[in-house]
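Single-letter residue listing:
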Amino acid sequence: MKSSWFGFAWILIVALGSAGCRSVLAPPADCPGDPVEVVMELRADWQRAPYVGRYEGTDCGGCESDVKSKEFIRRETENLLFRYPRHVPTRYFAALLAYEADDPIRAIEHLDTLFAIQPVHPEATILRARIALEDGNVPYAQKLLREQVALRPNDPALHEALSSAHFMDDQLDDALSSLDAADRLGGPQWRIEYNRGVIEEARGNSQMAAGHYKTSLSLMPHWGPPRNRLEALEKGQVSDSQVVGFPPARIR
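Residues numbered from 1 in each chain as written. Predicted model: local features only at pLDDT ≥ 70, side-chain atom pairs only at ≥ 80, totals over all residues. Heavy atoms only, no water.

Caption draft 1: Geometry of the side chain of histidine 166. Among the structural elements, histidine 166 can be located in helix α7 (residues 156–168). Using a relative accessible area of 4% as the deciding quantity, one classes histidine 166 as buried. Once you skip the residues sitting within four places of it in the chain, histidine 166 turns out to touch Gln142, Arg146, Gln171, Asp174, Ala175 and Ser178. (Helix = DSSP H or I, 4+ residues; strand = E, 2+ residues; numbered from the N terminus. Buried < 20%, exposed > 50% of the residue type's maximum accessible area, 1.4 Å probe, protein only. Contact = heavy atoms within 4.5 Å.)

Structure representation (structure tokens):
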């Protein structure tokens with residue numbers, strides 16, 4: 001089993017949400033309007049919030065007075081979700097914030113509710129699969145990703161995530177096949193090439209792996225993992241526990 005598979009820090013990429021207040025149901029009388037604008041403001045606050053390591057607490061240190069901590073943003077998001085429990089973008093944002101706060105149980109609760117409202121949601125699927133893999137539940141991650149790939153076969157990120165799940169299960173041929181599918185669908189070449197290197201290194205093909213790492217580095221010069229693996233190979237440090245790049249979490 002590959003032990004440290006998710007070295008590339010997950011990224012939030014902001015895009016406008018499209019669902020309205022209680023997106024599936026008609027808004028109740030006490031629902032004053034569409035929460036999309038509020039969610040957008042919370043996302044902007046999140047991007048400005050201080051980031052220390054992987055998780056961040058309440059202390060903002062020397063931040064500007066109008067910069068909110070991530071913990072405060074999370075509380076505001078939960079409050080908004082209490083008023084708009086069926087608003088999918090808010091639900092997903094709350095799941096992401098819970099995950100970042102090292103609260104996977106709450107993140108799973110949000111994601112399960114989201115799937116009950118909107119069964120097809122690639123970004124939520126990738127986050128749920130990631131949590132499952134971190135918990136060692138590879139079969140569940142594979143099942144979930146296969147189901148979503150069947151529903152959204154043209155989504156390259158789903159194929160990338162499925163490749164990572166196969167890699168975690170030592171199914172290297174399947175991992176490479178899923179990566180090839182992601183490549184054909186327009187997935188990011190720099191990450192796909194790096195992950196091909198990871199797979200080839202796990203197969204014992206160090207020279208081929210180095211070629212993929214070099215290609216990845218040429219496409220993304222400032223990304224550390226391919227450089228680190230190349231340096232390790234030059235020193236003869238071959239390992240089957242190197243990390244794979246995982247698709248980033250995104251906000252719809």
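So, next bit.
Caption draft 2: Broad picture of empty space enclosed by the protein. Under the defined criterion, the tally for this structure stands at two cavities of 30 Å³ or more. Estimates place the volume of the second largest cavity at around 40 Å³. In terms of lining, the second largest cavity is formed by Ser163, Ser164, Phe167, Leu179, Asn195, Ile199 and Val244. Only α7 and α9 (189–203) provide two or more residues apiece to the lining of the second largest cavity. Broken down by element, the lining of the second largest cavity gets its largest block of residues, three residues, from α7. (1 Å grid on protein atoms, 1.4 Å probe; cavity = no way out; pocket = protein on both sides within 12 Å on 5 of 7 lines; lining within 4 Å. Points joined across faces, edges and corners; volume = space filled by probe spheres on them.)

Caption draft 3: Inspection of the nonpolar core at higher detail. Counting residues in hydrophobic clusters, the biggest one holds 19 residues, and the most contacted among them are Phe167, Tyr194, Val198, Ile199, Tyr213, Leu230 and Leu233. Mapped onto this core, the elements with two or more residues apiece are α8 (172–184), α9, α10 (206–219) and α11 (224–234). The next biggest cluster of nonpolar side chains, apart from the first, holds 15 residues, and it includes Ala129, Ala132, Leu158 and Leu162. (Core = buried A, V, L, I, M, F, W, Y, C linked by side-chain atoms within 4.5 Å.)

Caption draft 4: Main features of the confidence of the model for the chain. Taken as a whole, the chain shows an average pLDDT of 81; of its residues, 77% reach a score of 70 or greater. Every residue in residues 3–32 is under pLDDT 50, and counting partners more than four places away or in other chains gives 83 contacts. Low pLDDT, under 50, characterises residues 52–63; the predicted model gives this stretch 20 contacts beyond four residues in sequence or across chains. (pLDDT = per-residue confidence, 0-100.)

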